[in-house]
Amino acid sequence: MTIPDSNRPSDFIRDIVTEDLKAGKNNNRVHTRFPPEPNGYLHIGHAKSICLNFGIARDFNGLCNLRFDDTNPTKEEVEYVESIKEDVRWLGFDWGDRMYYASDYFEQMYRYAVQLIKAGKAYVCDLNADEIRQYRGTLTAPGKDSPYRNRSIEEDIDLFERMRAGEFPDGSRTLRAKIDMTSGNINMRDPVIYRILHAEHHRTGNKWCIYPMYDFAHCVSDSIEGITHSICTLEFEDHRPLYDWFLDELKVKCHPQQIEFARLNLSYTVMSKRRLLRLVEGGFVNGWNDPRMPTISGLRRRGYTPESIRNFCERIGVAKRDSVVDIALLEYCIREDLNKTAPRVMAVLRPLKVIIINYPEDKTEELDAVNNPEDPAMGMRKVAFSKILYIERDDFREDPPKQFFRLAPGREVRLRYAYYITCVKVIKDEKTCEVVELHCTYDPATRGGDAPDKRKVKATLHWVSASHAIEAEVRLYDHLLLKEDPDDVEEGKDFKSNINPNSLETLTYCRLEPCLADARSGSRYQFERMGYFCVDPDSSAGKPVFNRTVTLRDTWAKIEKGQKEGVRSKE
RNA sequence: UGGGGAGUCGUCCAACGGCAGGACGGCAGACUCUGGAUCUGCUUAUAGGGGUUCGAAUCCUCUCUCCCCAGCCA
């Protein structure tokens, strides 16, 4: 047995596991499982569960299984199985040779069901769905017994066999547990164990036309796999008595302990599969792996690293209280990772032409640039400088507001790794009055970016040489939802009315350092002063496409926002 | 109005009868060839009332608020 290091995360579940180990429970084994239903793509909420289950196994020298909870053939598909496997692996977890399916156990489950019938603990019920609902009672009123509750065991066995044999149509009969129709816990009011579903299953094909319900299948699967701690989310808390009832009545050797924790919620985000599906089907995003989606595949395409997601899951902790984690924490985690690992590069997203009027017409210089100031081992590169450059449109203001340190008429700034330049003339479009070009002078003595006379400039700008730069498309993403709480809507509306119409902005004529020409799909960079970006699979030869993963922390943007709000409040 | 849970800084998580702490955010400053990074400081919390105790976020009690459950979904 291994007790986790003090620097490992601790939480109430790990505390329970530690206590169990101290007490010598489960022969000192720790065995968890991650049990997704293959009916959708994994999202960051699943990542929390994955990190918890695999993390506990790792910390306590135990094992964690991957198990597909595939008991509803009408909703499940192999496509999802594949994506789930890929996502778990990408997150950095390994289930070894322990990939299972609940459907692997259908035969055993059937035998267990027969065992329950023989013990007088289950019966075949002929009530239809509607009638079952009526008999169930309500939250405050008890239910009443099904008229089929007291059939003979022989008749129940016969009927159940015939259910399996396909003699009855969908919905005509169910197998039910015989518990207590007056229980305050509705899950204990003779819950359905098996339903008839003449549907093809993605693994068992047409072998079965009856399928077990979650409550039965899950505890049995856990028990068969020798799970010690069955970790699930809060909404299953009142299923626990049923989980225990089945395993007690079945008298199985392995009776795992179900422990519930609060699912992850993120501000400015919806998380349920149902809602994510609506975003996809409603065309609000371009598929499950749209970089705006909180799916693992979306985050991956957005440029998130597995490390950053694991780190996030560790930082948010595990508890039983409903909570909403600030998405700023996720963003902090990816910045923290990429700051240390992403090579720096200069990219001008919204180009403004600059002509260095005192620079020779045909000259090109190769200047030294640092690849990553956080990691000298990443080395240096050369960047080309010449007479015509592009700078960021936002880095120039004809009429600079207070605290704007960047370029303005008559002002001197530094071009990173290059020269100090001073803006001497602003060229505008005659009709639109839009600034189209800047004429600047450079100080040859400042080559490399340092002034021999030690004079300071307040800003350093990124830039590219017009004749050397390559063109690229860059996609800027913002929160998909406008409000921290997507459910904060007017009466009668839903979260879709909070969808941010500007969550994607596509920039087509961005100018990048030429070294980015054949950047590999998925590779990540910091565009200096702009943020972290990663190469999208939509890229093609000569036409790279970048996704903005996250901006850099932007003090100026904050000041500017404050200034604008200040003006607004005075109006 | 049945049953099951949960209430600690703005947010998330700790503190397990003994000084309410960390992280993110926010604010201020230092430094800086990224308004980045880094560093420093500040900010703010035990839902409420009663009780037990030398001592309560923690134990007891009453109240309040929030979440989940009436699928032949998981």
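Every value quoted in this text rests on a predicted model; they were computed, and no experiment measured them. The residue numbering used here restarts from 1 in each chain and proceeds along that chain's sequence as written. Chain letters and ligand numbers both follow the written order, the letters beginning at A and the numbers at 1. Selection of residues for local features in this predicted model requires a pLDDT of at least 70, selection of side-chain atom pairs for listing and counting requires 80 or more, and totals for whole chains, interfaces and linings are taken over all residues. The basis for every side-chain value is the complete set of heavy atoms in the structure, and neither hydrogens nor water enter the calculation.

A.B. asks: Any chance you could break down the overall build of chain A for me, citing the residues and the numbers?
C.D. replies: The helix and strand labels rest on DSSP assignments: H or I over at least four residues marks a helix, E over at least two residues marks a strand, and numbering proceeds from the N terminus. Regarding its fold elements, chain A presents 13 helices and 25 strands. We take the radius of gyration over the C-alpha atoms and set the globule estimate at 2.2 Å times the residue count to the 0.38 power. Rg of the C-alpha trace for chain A: 31 Å, well past the compact-globule value of 25 Å for 571 residues, more than 25% over. In terms of overall dimensions, chain A has C-alpha extents of about 100 × 55 × 45 Å along its principal axes. We call a residue buried when its accessible area falls under 20% of the maximum for its residue type, exposed when it is over 50%, and partly exposed in between, using a 1.4 Å probe and counting protein chains only. Residue burial in chain A is summarised as follows: out of 571 residues, 53% are buried. In what follows, residue pairs with any heavy atoms lying within 4.5 Å of each other are defined as contacts. A fraction of 70% describes how many contacts in chain A between residues 6 or more apart in sequence connect residues 24 or more apart. Surface accessibility follows the Shrake-Rupley procedure with a 1.4 Å probe radius. Residue values consider only the protein chains on display as shielding. Accessible surface for chain A amounts to roughly 26,700 Å². Of this, 47% is attributable to carbon and sulfur atoms. Counting 86 positive and 92 negative side-chain charges, chain A places the averaged centre of each group 3 Å from the other. Residues scored as positive are Lys and Arg, those scored as negative are Asp and Glu, and His as well as the terminal groups of each chain are ignored. By convention, the point assigned to a charge is CZ for Arg, NZ for Lys, CD for Glu and CG for Asp.

A.B. asks: Which residues make up the protein's contact with RNA strand B, and what values do they have?
C.D. replies: Inspection of the region around RNA strand B gives 70 residues, with Arg321, Arg344, Arg414, Gly448 and Gln526 positioned closest. Residue proximity to a molecule or strand is established when one non-hydrogen atom of the residue lies within 4 Å of it. Across the atoms of RNA strand B situated within 4 Å of the protein, the share located in sugar and phosphate is 63%. In the analysis that follows, any N or O atom pair within 3.5 Å is treated as a polar contact, provided that within protein one partner can donate a hydrogen and the other can accept it, and provided that, for residues neighboring in sequence, both atoms belong to side chains. Between RNA strand B and glutamate 237, the relevant distance is 3.2 Å, taken from a sugar or linking oxygen to a side-chain nitrogen or oxygen of the residue. One of the backbone nitrogen or oxygen atoms of tyrosine 417 is found 3.3 Å away from a base oxygen of RNA strand B.

A.B. asks: Residues and numbers for the environment of threonine 233, please.
C.D. replies: Within the secondary structure, threonine 233 sits in strand β8 (residues 229–233). Distance in space between the C-alpha atoms of threonine 233 and glutamate 260 is 4.9 Å, their sequence separation being 27 residues. Not counting the four nearest positions on each side in its chain, threonine 233 is found in contact with Glu260, Phe261 and Arg263. Within polar-contact distance, the side chain of threonine 233 engages the side chain of glutamate 235 at 3.0 Å.

A.B. asks: How would you summarise the packing of helix α4 (residues 106–118) against helix α6 (residues 153–165) if you had to cite specific residues and measurements?
C.D. replies: Axis lines are fitted to C-alpha atoms, over the contacting stretch for helices. Their N-to-C directions set the angle, which ranges from 0 to 180 degrees. One can describe the packing of α4 onto α6 by two numbers: an axis separation of 9 Å at closest approach and a directional angle of 160°. As far as their axial angle goes, α6 and α4 are roughly antiparallel. The two elements α4 and α6 cross, and the hand of that crossing is right-handed. Taken together, the residues of α6 that come into contact with α4 (itself represented by Glu107, Tyr110, Ala113, Val114, Ile117 and Lys118) are Ile153, Asp156, Ile157, Phe160, Glu161 and Arg164. In terms of residue class, the contact of α4 with α6 is made up of seven nonpolar, no polar and five charged. In these notes the angle categories are as follows: under 35 degrees is roughly parallel, over 145 is roughly antiparallel, 65 to 115 is roughly perpendicular, and the rest is oblique. Here a crossing is called left-handed whenever its near helix is offset anticlockwise from the far helix by less than a right angle, and right-handed whenever the offset is clockwise. Each residue receives one of three labels: charged for Asp, Glu, Lys and Arg, nonpolar for Ala, Val, Leu, Ile, Met, Phe, Trp, Tyr, Cys and Pro, and polar for the others, Gly being one of them.

A.B. asks: Summarise the pattern of salt bridges; cite the residues concerned and give the values.
C.D. replies: For this document, the term salt bridge refers to a Lys or Arg side-chain nitrogen within 4 Å of an Asp or Glu carboxyl oxygen. Applying the stated criterion across every chain, the model contains 54 salt bridges. Here arginine 151 and aspartate 126 are joined by a salt bridge, their closest N and O atoms 2.4 Å apart. Residue arginine 151 is found in the loop between α5 (129–136) and α6, and its partner aspartate 126 is found in the loop between β4 (122–125) and α5; the two are separated by 25 residues along the sequence. Like arginine 151, the residue aspartate 126 is buried in the burial classification. Shared partners join several salt bridges into a network, and the residues in it are Arg301, Glu473, Arg475, Asp536, Asp538 and Lys543.

A.B. asks: How would you summarise the sheet that holds strand β3 (residues 99–101) if you had to cite specific residues and measurements?
C.D. replies: The parallel open sheet is built from three strands, whose spatial order is β1-β2-β3. Here the strands that pair on one side only, and so sit at the sheet edges, are β1 (31–34) and β3. Within the sheet, the average angular offset between the axes of one strand and its neighbour, ignoring direction, is 35°. At least two DSSP bridges between two strands are needed for those strands to be called paired. Two elements, strand β2 (residues 63–68) and β3, share three bridges in a ladder whose sense is parallel.

A.B. asks: Please give an account of the packing of aromatic side chains that cites residues and values.
C.D. replies: To describe a pair of aromatic rings, one takes the distance between the centres and the angle between the planes. Paired rings are identified among Phe, Tyr and Trp, the last through its six-membered ring, by centres lying within 6.5 Å, and are further divided according to the angle between planes into stacked (under 30 degrees), edge-to-face (over 60) and tilted (the rest). Applying the stated criterion across every chain yields a total of 22 aromatic pairs. When the centroid spacing of 5.1 Å and the interplanar angle of 70° are considered together, the rings of phenylalanine 216 and phenylalanine 246 count as edge-to-face. Residue phenylalanine 216 is found in helix α7 (residues 214–224), and its partner phenylalanine 246 is found in helix α8 (residues 240–250); the two are separated by 30 residues along the sequence. Summarising the burial analysis for this pair, phenylalanine 216 and phenylalanine 246 share the class buried. Ring-pair connections join several aromatic residues into one group, and the members of that group are Phe106, Tyr110, Phe160, Tyr194, Trp208, Tyr211, Phe216, Trp245 and Phe246. Only lysine NZ and arginine CZ atoms are considered, and such an atom sits over a ring when it is within 6 Å of the ring centre and within 35 degrees of the ring normal. The ring of phenylalanine 168 is capped by arginine 173, whose NZ or CZ atom sits 4.2 Å from the centre of that ring. One residue, arginine 300, lies across the ring of tryptophan 90, its end atom 5.2 Å from the ring centre.

A.B. asks: Lay out α8 in plain terms, naming residues and giving numbers.
C.D. replies: Quick reminder: α-helices carry 3.6 residues per turn. Residues three or four places apart thus point the same way. Those residues of α8 lying buried are Leu242, Tyr243, Trp245, Phe246, Leu247, Glu249 and Leu250. The inward-facing, buried residues of α8 contact α4, β5 (174–177), β6 (192–196), α7, β8 and β9 (257–261).

A.B. asks: For the nonpolar core, give the residues involved together with the corresponding values.
C.D. replies: Across soluble globular proteins, nonpolar side chains show a tendency to be buried alongside one another. Core analysis: the biggest nonpolar cluster contains 39 residues, and Met109, Phe160, Leu175, Ile193, Tyr194, Phe216 and Phe246 have the highest contact counts within it. Of all the secondary structure elements, the ones that give two or more residues to this core are α4, β4, α6, β5, β6, β7 (210–212), α7 and α8. Beyond its immediate stretch of four places on either side in the chain, phenylalanine 160 contacts Tyr110, Ala113, Val114, Ile117, Val124, Leu175, Tyr194 and Ile210. We define a nonpolar core as any set of buried Ala, Val, Leu, Ile, Met, Phe, Trp, Tyr and Cys residues linked to one another through side-chain atoms lying within 4.5 Å. By size, the runner-up hydrophobic cluster in this structure holds 38 residues, among which are Trp90, Tyr304, Cys333 and Ala342.

A.B. asks: A description of the pairing of strand β25 (residues 545–551) should follow, citing residues and the corresponding values.
C.D. replies: Of all seven residues making up β25, six are buried, and the element is well covered by its neighbours. Strand direction decides the pairing type here: strand β21 (residues 470–477) and β25, joined by three bridges, are parallel. When the sheet's bridge partners are listed, arginine 475 is paired in β25 with asparagine 547. Pairing of strand β24 (residues 531–535) with β25, which is carried by five bridges, proceeds in the antiparallel orientation. Counted as the bridge partner of tyrosine 532 is valine 550 from β25.

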